[in-house]
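The primary structure of each chain is shown beneath.
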Amino acid sequence: MTVTTKIKTSEALQLPLNQIIAGDCVDAMWSLPPASVDLVFADPPYNLQLKGALHRPDNSMVDAVDDHWDQFSSFAAYDAFTRDWLAAAKRVLKPNGAIWVIGSYHNVFRLGTAMQDQGFWMLNDVVWRKSNPMPNFRGKRFTNAHETLIWAGRDETSKYTFNYEALKALNDGVQMRSDWVLPLCTGHERLKDEDGDKAHPTQKPESLLHRVILATTNPGDVILDPFFGTGTTGAVAKMLGRDFIGIEREAAYRKVAQERIDRVRKFDTSALEVTGSKRAEPRVPFGQVVERGMLRPGEELFSIGNRHKAKVRADGTLIGNDVKGSIHQVGAALEGAPSCNGWTYWHYKRDGKMIPIDILRQQIRAEMEADNTRAH
């Protein structure tokens, strides 16, 4: 159960985890401890500069963003506001923290300039291409079918989180690109107020936040959303086992967000695990396989399809067709390739079956992990 609260500077020694702070985002962020959050996701006002109501060709009115919070007296006023909240956000980010900012063509270029001016280190811009965009009713411009997200490290030296393998798995084994095709928030996901109207004009889809949070945080990380709205960031963070801090000055949005988050069930621990990077796993030299007697010197290894073979040597190297070297070097030489992953290329025979030598590496890694667990 989360609660809505108001923070005073003297009470900011501990983070208000999984709470919605009522008030101005700049003041609220300055009340939080410095270097205390892992990620900021910001969906600031777009400053759409609407001049009057929008109508469809049948003269019905478009439910556009005309709320007072999206209105600024000038670009200078909007830029000043942007600099203020970005400075406060940078202060609360940990040294290895990162920030996501989303905007439309009205404001994203101004946001990007302000971020670079304040020393954020640009990592990617991501195009969210809406699969179901609202048409351009006047027919005088292209259909506005995308928004842009900017992902940046706190500074140039930040060792930010990026779960590359998890994103690749999410994308059916293909490297995730910087153009994301996701639908607008519609149907059952679109929150309504007591009158049956949209609770918020720019509610973001949970699919968008799922991808952001999965990609750039780990379970237990703290995510701050200074423009919390109806709480999409908080809802997805809770589902994925992350902590959140929301800031929202509009009482109606806080109420809807609170009710929404209270309904969310956190995934169980096993479901929160994601595919990790192979580079993060402990390195196992092939020589350890030989030292442990898992393969003996003189034993033959075979490539897939038995096209090539090589003998294991006592020092953990191979020899095949007068080629000597590591499991990777010999495999590459025999294939005439610039490189080769010897762990998946070479197989040994047991009871007439071909078994990849990578199985032996995984056995050693499992033993290493068990030893580490016992040590702690």
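Look up: the structure comes first, before these words.
Below, the structure is looked at part by part. In this text, all values refer to a predicted model and were calculated from it rather than measured experimentally. (Residues numbered from 1 in each chain as written. Predicted model: local features only at pLDDT ≥ 70, side-chain atom pairs only at ≥ 80, totals over all residues. Heavy atoms only, no water.)

### Details of the packing of aromatic side chains
And step 1. Tallying each qualifying case throughout the model produces 11 aromatic pairs.
And step 2. Between the aromatic rings of Y78 and F81, the centroid separation amounts to 6.5 Å while the plane-to-plane angle is 50°, which identifies the pairing as tilted. Taken together, the residues span about one helical turn, with Y78 and F81 both in helix α2 (residues 75–92) at a distance of three residues.
And step 3. On the basis of an interplanar angle of 70° and a centroid distance of 5.9 Å, the ring pair of F286 and W343 is categorised as edge-to-face. Residue F286 is found in helix α9 (residues 286–291), and its partner W343 is found in helix α11 (residues 342–345); the two are separated by 57 residues along the sequence.
And step 4. By relative accessible area, which is 6% here, F286 ends up buried.
And step 5. Given the relative accessible area of 5%, W343 is considered buried.
And step 6. Members of the aromatic cluster, connected to one another through ring pairs, are W100, W151, Y160, F162, Y164 and W180. (Phe/Tyr/Trp six-rings, centres within 6.5 Å; stacked < 30°, edge-to-face > 60°. Helix = DSSP H or I, 4+ residues; strand = E, 2+ residues; numbered from the N terminus. Buried < 20%, exposed > 50% of the residue type's maximum accessible area, 1.4 Å probe, protein only.)

### Considerations on the pattern of salt bridges
And step 1. Considering all chains together, one arrives at 14 salt bridges under this definition.
And step 2. Across the salt bridge formed by K255 and E259, the nearest N and O atoms sit 2.9 Å from each other. In this pair, K255 and E259 both sit in helix α7 (residues 251–263), four residues apart, roughly one turn of the helix.
And step 3. Judged by relative accessible area, K255 falls into the partly exposed class, the value being 43%.
And step 4. E259 gets classed as partly exposed once you look at its relative accessible area, which sits at 38%.
And step 5. R361 is the partner of D358 in a salt bridge, and the nearest nitrogen-oxygen pair spans 2.7 Å. Residue D358 and its partner R361 are located together in helix α12 (residues 358–375), separated by three residues, close to a single helical turn.
And step 6. For D358, a relative accessible area of 17% gives the class buried.
And step 7. Here R361 falls in the buried class, since its relative accessible area comes to 14%. (Salt bridge = Lys/Arg side-chain N within 4 Å of Asp/Glu carboxyl O.)

### Quick notes on the side chain of Q203
And step 1. Looking at where Q203 falls in the secondary structure, it is placed in the loop between β7 (179–182) and α5 (206–216).
And step 2. For Q203, a relative accessible area of 5% corresponds to the buried category.

### Details of the side chain of K130
And step 1. In this structure, K130 sits in strand β5 (residues 121–130).
And step 2. Only 2.8 Å separates the side chain of K130 from the side chain of E147, close enough to count as a polar contact.
And step 3. Setting aside anything within four residues of it in sequence, one finds K130 in contact with A145, H146, E147, L182 and L184. (Polar contact = N/O pair within 3.5 Å; in protein donor to acceptor, adjacent residues only side chain to side chain. Contact = heavy atoms within 4.5 Å.)

This is a description of form; function is not addressed.
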